[in-house]
Amino acid sequence: NEGTITHLALRLLILTVGTRSKPLRFLREDQIEGDVWTVAAEEMKGRRDATGDFRVPLSRQALKVIEQAKPYARDGYLFPSVRKGVISDATMARLMERRGMVARPHGFRSSFRTWCAETTDTPHEVAEACLAHVTGGKVERSYRRTDYLDQRRELMQRWADFAGAK
């Protein structure tokens with residue numbers, strides 16, 4: 001069933017390659033404003049203290065997945081577990097395994113980065129910002145006051161179109 005919580009979570013993970021499994025699994029509706037999902041810095045690997053919250057631009061397809069997940073929401077979470085809390089860390093990987101796929105969810109981050117490098121003219125800093133990677137030295141980062149949201153918004157829409165999401 002393509003509309004299960006697990007399928008929806010995996011689709012959103014693919015469409016928002018900058019986020020990892022944990023922030024996605026704990027996604028709350030109140031973290032989304034318009035077409036931007038804001039993930040608290042403490043929920044993002046490698047971003048504590050250094051760069052603040054991470055804003056994720058949401059493509060049309062990602063917004064559609066979020067709308068499809070809303071009826072399943074429980075206790076404020078879009079991807080609740082059958083019992084309590086949220087889906088487990090291994091849930092999406094198990095779905096891919098059951099489908100006979102060798103790849104695992106985290107691999108879509110590599111696929112995205114390769115796609116950027118080989119098929120787009122995306123600046124290195126923008127591609128890395130999509131993946132929530134902290135780039136440059138401390139001094140350079142202290143002067144860079146952008147998270148490239150507008151450029152990332154356009155790129156994430158191109159990625160969603162490329163990934164075949166409907």
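Quick caveat: nothing in here was measured; it's all calculated off a predicted structure.

One pass over the full model with this rule turns up 6 aromatic pairs. With a centroid separation of 5.9 Å and 35° between ring planes, the pair formed by Trp-159 and Phe-162 is classed as tilted. One end of the pair, Trp-159, and the other, Phe-162, are both in helix H8 (residues 149-162), 3 residues apart, so they sit about a helical turn from each other. The exposure class of Trp-159 is buried, given its relative accessible area of 3%. Judged by its relative accessible area of 52%, Phe-162 is exposed.

Okay, the sheet that holds strand S3 (residues 54-57) next. To summarise the sheet geometry, strands pair through backbone hydrogen bonds and adopt either a parallel or an antiparallel arrangement. Spatially, S1-S2-S3 is the arrangement adopted by the 3 strands of the open sheet, whose pairing is antiparallel. Every interior strand has two partners, whereas the edge strands, strand S1 (32-33) and S3, have only one. Summarising the sheet, strand S2 (residues 36-39) and S3 pair through 4 bridges and their orientation is antiparallel. Opposite Trp-37, over in S3, you have Val-56 as the bridge partner. H8 contacts S2 and S3 of the sheet and is inclined by roughly 40° relative to S3.

Here helix H1 (residues 5-15) crosses helix H3 (residues 60-69) at 155°, and the two axes come no closer than 9 Å. By the angle between their axes, H1 is roughly antiparallel relative to H3. Here H1 and H3 pass one another in a crossing that is left-handed. For the pair H1 and H3, contact is made by Leu-8, Arg-11, Leu-12 and Leu-15 and by Gln-61, Ala-62, Val-65, Ile-66, Gln-68 and Ala-69, respectively. In terms of residue class, the contact of H1 with H3 is made up of 7 nonpolar, 2 polar and 1 charged.

Let us now look at the environment of Leu-95. If you trace the backbone, Leu-95 turns up in helix H4 (residues 91-98). Owing to a relative accessible area of 6%, Leu-95 belongs among the buried residues under this scheme. Separated by 89 residues in the primary sequence, Leu-95 and Thr-6 have C-alpha atoms spaced 7.5 Å apart. With sequence-adjacent residues up to four places away left out, Leu-95 is seen in contact with Thr-6, His-7 and Leu-10.

Quick look at the pattern of salt bridges now. One pass over the structure, following the stated rule, counts 7 salt bridges. The salt bridge involving Asp-35 is made with Arg-153; its shortest N-O contact spans 2.8 Å. On the criterion of sequence distance, the pair formed by Asp-35 in the loop between S1 and S2 and Arg-153 in helix H8 is long-range, its members being 118 residues apart. Overall, Asp-35 belongs to the partly exposed group, its relative accessible area being 26%. Using a relative accessible area of 27% as the deciding quantity, one classes Arg-153 as partly exposed.

The rules behind these values
- Residues numbered from 1 in each chain as written.
- Predicted model: local features only at pLDDT ≥ 70, side-chain atom pairs only at ≥ 80, totals over all residues.
- Heavy atoms only, no water.
- Phe/Tyr/Trp six-rings, centres within 6.5 Å; stacked < 30°, edge-to-face > 60°.
- Helix = DSSP H or I, 4+ residues; strand = E, 2+ residues; numbered from the N terminus.
- Buried < 20%, exposed > 50% of the residue type's maximum accessible area, 1.4 Å probe, protein only.
- Pairing = 2+ DSSP bridges.
- Contact = heavy atoms within 4.5 Å.
- Axes fitted to C-alpha atoms, helices over the stretch in contact; angles between N-to-C directions.
- Parallel < 35°, antiparallel > 145°, perpendicular 65-115°, else oblique.
- Left-handed = near helix turned anticlockwise from the far one by under 90°.
- Nonpolar A, V, L, I, M, F, W, Y, C, P; charged D, E, K, R; others polar.
- Salt bridge = Lys/Arg side-chain N within 4 Å of Asp/Glu carboxyl O.

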